[in-house]
Amino acid sequence: MLSTAEIGIDLGTANILIYSKSKGIVLNEPSVVAIDVNTKQVVAVGSEAKEMVGKTPQNIIPIRPLRDGVIADYDVTAQMLKEFLKKVSKKMGMSLRKPTVVVCTPSGSTSVERRAIHNAVTSYGAKQVHLIEEPVAAAIGADLPVDEPVANVIVDVGGGTSEVGIISFGGVVSCNSVRIGGDKMDEEIIHYVRKHYNILIGERTSENVKMEIGYAHPNHKEETMEIRGRDMVTGLPKTITVTSTEIFSALKESLEQILETIRSTLESCPPELSGDIVDHGIVLTGGGSLLNGMKEWLANEIDVPVHLAPNPLESVAIGTGRALKMIDKLQKATK
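Per an unreviewed UniProt entry, the protein chain goes by Cell shape-determining protein MreB and derives from Virgibacillus tibetensis. Listed in UniProt under the heading Subunit (unreviewed entry), the comment for the protein chain reads: "Forms polymers."

Undergrad: Tell me about the overall build of the protein chain, and name the residues and values.
TA: A tally of helices and strands in the protein chain yields ten helices and 18 strands. Taking 20 Å as the expected radius of gyration for a compact globule of 335 residues, we find that the protein chain reaches 20 Å, a close match to that expectation. Structurally, the protein chain occupies a C-alpha span of about 65 × 55 × 30 Å along its principal axes. Of all 335 residues assigned to the protein chain, the portion counted as buried reaches 53%. Considering only intrachain contacts with a sequence separation of at least 6, the fraction spanning at least 24 residues in the protein chain is 62%. Within the structure as shown, the protein chain displays about 15600 Å² of accessible surface, and the carbon and sulfur contribution to it stands at 49%. Distance between charge centroids for the protein chain: 9 Å, based on 35 positive and 42 negative side chains.

Undergrad: An account of the sheet that holds strand β15 (residues 224-231) is requested, with residue identities and associated values reported.
TA: A sheet is described by the order of its strands in space; here three strands give the open sequence β14-β15-β16, paired in antiparallel fashion. Either end of the sheet is taken by a strand with one partner, and the two such strands are β14 (199-200) and β16 (237-243). The pairing of β15 with β16 spans seven bridges and is classified as antiparallel. Following the sheet pairing, Gly229 is matched in β16 by Lys238. Running at roughly 170° to β15, helix α6 (residues 203-213) makes contact with β15 and β16 of the sheet.

About the thresholds
- Residues numbered from 1 in each chain as written.
- Predicted model: local features only at pLDDT ≥ 70, side-chain atom pairs only at ≥ 80, totals over all residues.
- Heavy atoms only, no water.
- UniProt positions renumbered as here; feature names shortened; annotations may be inferred.
- Helix = DSSP H or I, 4+ residues; strand = E, 2+ residues; numbered from the N terminus.
- Rg over C-alpha atoms; globule rule 2.2 N^0.38 Å.
- Buried < 20%, exposed > 50% of the residue type's maximum accessible area, 1.4 Å probe, protein only.
- Contact = heavy atoms within 4.5 Å.
- Areas by Shrake-Rupley, 256 points an atom, 1.4 Å probe, with all protein chains shown as cover.
- Lys, Arg positive; Asp, Glu negative; His and termini not counted.
- Charge placed at Lys NZ, Arg CZ, Asp CG, Glu CD.
- Pairing = 2+ DSSP bridges.
- Axes fitted to C-alpha atoms, helices over the stretch in contact; angles between N-to-C directions.

Structure below.
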């Protein structure tokens, strides 16, 4: 007789990760669904659907149902979750009947947005659904002692949002969320290339540029990269070369806003915990924390030690799964 499955879900704007208590991370795929407009059927989900972005015929539309860390399209999200959980059942060779699920939500999400997440997971047939705040999940996943009376500062730079939280005794002491993350940075690169070169590039190209030659620190060895797009004057394909200095200037404003959010969170920290922050510093997690020079740039700006989580891309999912053991204590702390 199988015991009830216990899983943690990181409903990320860019990627969805599912963590199983028994197997660790069992799924890590892009939050993209391809839908056939005529039949309203799901054609593909995850990596397969992401491959289709910008390359599909008119009747098939790749949709990202999560925007800024919250559900933008409820029905598509519910369908996507069903497909992913089916994949996980197959992979684990067991039925995920009535699982107990912990899902993380952005700290700035409204009660309506939380209800939408709760309902989307319940519609799959979950026995119990617990919601946990993203900074807490990220801190647990980054191996921070969240239930001790010390300040744990976590900066989670995700796809849709950047969350900054100070956690002590299992609860959030102070937190701020800004709807700026990897997606916004990609948009800024698209906008920059269009404005300065009159070339239109796609989301996948701008994401590759960000990962290859995107820098958070102004002082870096300049790199160049060739990119292809459509010339807006002639309408023909064109290849141009961009430099890492240009990409830095495109990303500068987004990075400044993330820095401002970190500063305002630290400013509202109780004085007793401020001493801990000077000693222990802050921990970076999320895909955005992997931007070249991010750690060094932040350490310069805020004058406290900055550490990178052991597994930045999976911290939230791991923490969400681990939270199953401590969910009662965490819920008491957040009430």
